[in-house]
Amino acid sequence: MNLLLEQLRHWRRTERLIRAVWGGARLVAILGTVLALACFADWTADRYLGSETWRRVLNATWVFAPTAPTAEERWFSDHMRLAHGFRPPPAAVIDDTPGWMHAGMTVGQLALALGLAYWLLVRPWLRTPPIDDLAQHAEKEIPAFGHRLVTAIQLNRPAARTQGMSPALIAAVTREAGQLAAAHNLLQLVDYRRLGFALLVASPVLIGWTVFGLAKPALAGVLLRRQLLVSAEIPRSIQLKNVSEEVWPIGAEVEVRYEVTGAYPRPWFTDRLRAEHGFALPPPTAGFSGRLRVEPDGQPAEAYNLVYEKEVPDKPGAAYFVTKLPPSSINFGFSARLDSGRTRETGRVRFEGRPQLSPDGDALTAELWLPKFLGTQPDGGPFVRRTDGWVRGDVSDALPLAQIRVDAKFNKPVRSARLVPILREGARERDFAPSAGDNFQLPRDIDSDRRSAVWLFPTNEKLIGYRIELTDDRGFTNEVPIRRTVRMLEDRPPAVVLLPESTRHPDPENYHGASTAKLAHEWGDRFPLAEGGRVMVVYSARSEQGVGRAAVAYRVIPKGVAPDAMPPEWQQVQHPRQDWNWPENKKVFKRLPLKPVIANLAAVGNYVPDLGLFEKSWQGLSKFDQFKVNVEFYSLPSPNPEAEPAGLEAGGRYMFEIDGLQKTVPDGSGGFTTAKLEVGDTVELYVEAFDKNPTPGRAPGHSQEARRKIVVTGEEAGVAIKMRDEQNRQLQLQDKLRELATDQADLFRQTTNAPKEPEKK
């Protein structure tokens, strides 16, 4: 009996084991398939969520398509932003498998595993047939048992009800059942086909996971860890590394650049064809592009193509992919996708202002430092002139050999500041390069905070302006040029004016020097020139470059000699500007230098410009001696010595004596000779003035008109003077009569139009 029970128990254990194997196989197959589907869903979501294709699919649906905000929503958003500074956070970007999806898949698989474990393992284990059922199944399969096997088992239990039964019969049945069980192997009745079915069901899943694990061990491990809610990044065949600049200047075209490595299509074959055979094909990467997602702060996201640019130098297997974004000033975040590769961290680009002038009103000023040949201030420094537009950095009427000081303030600290003067040569412009050892393009002085600088550069006859080039610590430059204008003063010789001849007394306190006596003493240029007399030369000269010296340029035109009979140089020279730089022995016009006069104004009185004399020049002199007084060249002092240089104007009076002048006349034999001045000859003279500019070869300025005097006899000169005096008396009388008539008319008008007295009440 014990052998029989042992066989039945072994059969039952084998049945349980087979059931466990069969259930476990189905459990492995189902859970392995579900796990594979979950990993595939995770991988698919990780790869495609956030892609442009996925977004287009969502936008095409009426459920997930974005809707434009209503007018009320826009008003509320603007109100919250302007009144309270509140900006709603941007919509979340789903660019990876969402956490809820991970958790849902993991929880679902755990629930499925528990349910299947009960249904496929625990329940079949618990429902394994008992020994009686197995014995009954053996009786059906082996007819020789009859009913002995089940009867023997049931009657030999301790709790069996055997009252009234014969023990010998029970022992005989038991013995026969044991003999039959010993003759037959009950384990042959076990259905082992389920083990094959289990192998058939589980092997595809196990083989699939084994092959996947061997082929992609890293990916398989990451996907399994992610199903266990472990944070791990799915390995990709393409890796992207953000190498973009983080800060860009406002308004610049931004380049977002990624360094790409991995299994992206490489253009090595095209490069080889082009290098070795000169055969150009579009690179394979031309059609291989990714997408860049740009999220401007407070604005909707935008997408751009991420295209191949070039291979990374000195780094085989890496290439640059670039997206060029339009100019902007709004900070933004960005992420990129390139086939299976994508960025895990969102990049940022922020904008910063370019270096420029400070918004202050005096951000750029320019002063003209007058040249040293005009003198210096009392403290030894140069005279400074601020022209129109100096507060904007413009300079007008700049002098040669002067310097321009430019003070600039910037909106931010700068790494370098460079000033470049600009010259014009014909129709073209070029930069004014400094000479060796004098780099005036660099600041002469720069503040410790690097927000202001000072330059000092020389003027040039072709100078038309300057520009300032700034570079900050980030390498940003001032894209909008800082350019200002410099207008050079026209380089003209001094302006010289011959003033009218006058016999008026220079002292205004004198009877003949009062303003009422001016008309009686004005001669214009009609003062007669008698033999042995003098030509009155009263002049004034002015130049922004100062008046350095002056001379009288003169010649004699002989009476009765045709111009074509004179020497050739006489014929071609009609003005002293034509021969001022000739050798002395060939000049047609002779020069009489005028001597400088240094005056003590406290002793000689103020200078009278229209007379070319000082107020006390004639003090104590007779009428005859007055006409011998000369103030040949007087440089006028500065009206403001602290700000303006002296010597910008000059003037004087010179009584040019004609006694001793020689004239050139034909000698009758084809030559020329000199002769003494005679009545009827003409004396022609100009005033010639030079400025203070020390540059060699500078041309002088001349009086616009000449003073020409015909030599007359003394009697003719006296008659002319008497006629002039008589005309002056007539003019004075007419003026007096007009004044009396005006006074009488005013008196009559005041009498007839007298106001009435108010009536008394």
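Provided above is the structure to which this section pertains.
Report on the accompanying structure. (Residues numbered from 1 in each chain as written. Predicted model: local features only at pLDDT ≥ 70, side-chain atom pairs only at ≥ 80, totals over all residues. Heavy atoms only, no water.)

A few words now on the overall build of the protein chain. Scanning the protein chain for helices and strands turns up 15 helices and 35 strands. The buried share among the 761 residues of the protein chain stands at 39%. Considering only residue pairs separated by 6 or more positions, the protein chain has 69% of its internal contacts joining residues 24 or more positions apart. Carbon and sulfur atoms form 56% of the exposed surface of the protein chain, whose accessible area is close to 44,400 Å². (Helix = DSSP H or I, 4+ residues; strand = E, 2+ residues; numbered from the N terminus. Buried < 20%, exposed > 50% of the residue type's maximum accessible area, 1.4 Å probe, protein only. Contact = heavy atoms within 4.5 Å. Areas by Shrake-Rupley, 256 points an atom, 1.4 Å probe, with all protein chains shown as cover.)

Below, the discussion takes up the sheet that holds strand 11 (residues 384-385). Taken in spatial order, the five strands make up an open sheet running 11-10-13-17-16, and their pairing is antiparallel. Each edge of the sheet is formed by a strand with only one pairing partner; in this case those strands are strand 11 and strand 16 (445-446). By the bridge criterion, two bridges tie strand 16 to strand 17 (residues 452-458) in an arrangement that is antiparallel. By the bridge assignment, Ile-446 is partnered in strand 17 with Ala-453. (Pairing = 2+ DSSP bridges.)

This part is about the nonpolar core. Grouped together as the largest cluster of nonpolar side chains are 35 residues, with contacts concentrated most on Ile-404, Val-406, Trp-455, Tyr-466 and Ile-468. Going through the elements one at a time, strand 10 (364-369), strand 12 (395-398), strand 13 (403-409), strand 14 (414-425), strand 17, strand 18 (463-472) and strand 19 (482-488) are the ones with two or more residues in this core. In this structure Ile-404 touches Ala-366, Glu-367, Leu-368, Val-395, Trp-455, Leu-456, Phe-457, Thr-459, Leu-463 and Val-486, once residues within four positions along its chain are discounted. In this structure, Leu-498, Phe-633, Phe-656 and Val-711 belong to the second largest nonpolar core, which totals 25 residues. (Core = buried A, V, L, I, M, F, W, Y, C linked by side-chain atoms within 4.5 Å.)

As defined by bridge partners, strand 1 (residues 238-242) adjoins strand 3 (residues 254-262) across five bridges and the pair is classed as antiparallel. Bridge pairing in strand 3 links Ile-238 to Gly-262.

On to the sheet that holds strand 24 (residues 534-542), then. On the basis of which strands lie adjacent, the open sheet formed by four strands has the order 20-24-30-29 and antiparallel pairing. Both edges of this open sheet fall to strand 20 (495-499) and strand 29 (631-635), since each of them pairs with a single strand only. In this sheet, neighbouring strand axes are inclined to one another by 20° on average, regardless of whether the strands run parallel or antiparallel. Examined bridge by bridge, strand 24 and strand 30 (residues 649-657) share nine bridges and lie antiparallel to one another. The residue of strand 30 that forms the bridge with Ser-540 is Gly-651. (Axes fitted to C-alpha atoms, helices over the stretch in contact; angles between N-to-C directions.)

Its 23 residues give helix 8 (residues 193-215) an end-to-end C-alpha distance of 33 Å, which sits within 8% of 33 Å, the value for a rise of 1.5 Å per residue. At Ser-203, helix 8 is bent by approximately 35°, the largest bend along its length, and proline Pro-204 sits one to four residues beyond. Where helix 8 is concerned, the buried positions are Arg-194, Ala-198, Ala-202 and Val-205. (Expected span 1.5 Å × (residues − 1). Bend = angle between axes of the 7 residues up to and from the residue.)

Moving on, we get to helix 4 (residues 99-126). Compared with the 40 Å implied by 1.5 Å per residue over 28 residues, the 38 Å span of helix 4 between its first and last C-alpha is a close match. Considering bend angle alone, the principal kink of helix 4 is centred on Tyr-118 and spans about 35°. Along helix 4, the positions that sit buried rather than exposed are Met-101, His-102, Met-105, Thr-106, Gln-109, Leu-116, Leu-120 and Pro-124.

Glancing now at the pattern of salt bridges. Counted by the stated rule, this structure contains 43 salt bridges. Note that Glu-295 and Arg-293 form a salt bridge whose closest N and O atoms lie 3.1 Å from each other. Given a relative accessible area of 23%, Glu-295 falls into the partly exposed group. With a shortest N-O distance of 3.8 Å, Arg-350 and Glu-352 are connected by a salt bridge. When its relative accessible area of 32% is taken as the criterion, Arg-350 is described as partly exposed. A residue is classified by how much of its surface remains accessible, and Glu-352, at 21% relative accessible area, is partly exposed. (Salt bridge = Lys/Arg side-chain N within 4 Å of Asp/Glu carboxyl O.)

Interaxial distance between helix 8 and helix 9 (residues 217-227) falls to 5 Å at its minimum, and their mutual angle equals 115°. For the pair helix 8 and helix 9, the contacting residues are Trp-209, Phe-212, Gly-213, Leu-214 and Ala-215 in the first and Pro-217, Leu-219, Ala-220, Leu-223 and Leu-224 in the second.

The next thing to look at is unusual backbone geometry. Of note, Asp-397 is a non-glycine position whose phi angle comes to about 55°, a positive value. Classification of Asp-397 as partly exposed rests on a relative accessible area of 33%. Backbone geometry at Arg-450 places phi at a positive 60°, although glycine is not the residue there. Looking at the secondary structure, you find Arg-450 in the loop between strand 16 and strand 17. For Arg-450, a relative accessible area of 30% translates into the label partly exposed.

Let us now look at the pairing of strand 10. Counting buried positions along strand 10 gives six out of six residues, so the element sits mostly inside the fold. The side-chain alternation of strand 10 yields two buried faces, one formed by Leu-364, Ala-366 and Leu-368 and the other by Thr-365, Glu-367 and Trp-369. The pairing of strand 10 with strand 11 spans two bridges and is antiparallel. Looking at the pairing, Trp-369 lines up with Val-384 of strand 11.

Tallied over the full model, the rule gives 18 aromatic pairs. Aromatic side chains Phe-432 and Phe-440 sit 5.3 Å apart centroid to centroid with 50° between the ring planes, which places their arrangement in the tilted category. Seen in terms of ring centroids, Trp-618 and Phe-627 are 6.0 Å apart; in terms of plane orientation they differ by 45°. Their pairing is tilted. Classification of Phe-627 by relative accessible area gives buried; the value is 18%. By way of ring pairs, the aromatic residues Tyr-258, Phe-332, Phe-334 and Phe-351 are connected into one cluster. The residue whose ring lies beneath Arg-257 is Tyr-320, and the NZ or CZ to ring-centre distance is 5.6 Å. Just above the ring of Phe-690 sits the side chain of Arg-549; from NZ or CZ to the centre is 3.8 Å. (Phe/Tyr/Trp six-rings, centres within 6.5 Å; stacked < 30°, edge-to-face > 60°. Lys NZ or Arg CZ within 6 Å of the ring centre and 35° of its normal.)

To continue, consider the side chain of Glu-632. Along the chain, Glu-632 turns up in strand 29. It turns out Glu-632 is buried and unbridged, and the closest side chain with the opposite charge, Lys-595, is 5.2 Å from it. Of note is the side chain of Glu-632, whose polar atom sits 2.7 Å from the backbone nitrogen of Lys-595. Other than its neighbours up to four places away in sequence, Glu-632 contacts Tyr-539, Pro-593, Leu-594, Lys-595, Val-597, Gly-651, Gly-652, Arg-653 and Tyr-654. (Lys, Arg positive; Asp, Glu negative; His and termini not counted. Polar contact = N/O pair within 3.5 Å; in protein donor to acceptor, adjacent residues only side chain to side chain.)

Tracing the backbone shows Thr-459 in the loop between strand 17 and strand 18. Here Leu-399 takes part through its backbone oxygen, which lies 2.8 Å from a polar atom of the side chain of Thr-459. The residues contacting Thr-459, other than those within four sequence positions of it, are Leu-368, Ala-398, Leu-399, Pro-400, Leu-401, Ala-402, Gln-403, Ile-404 and Met-488.

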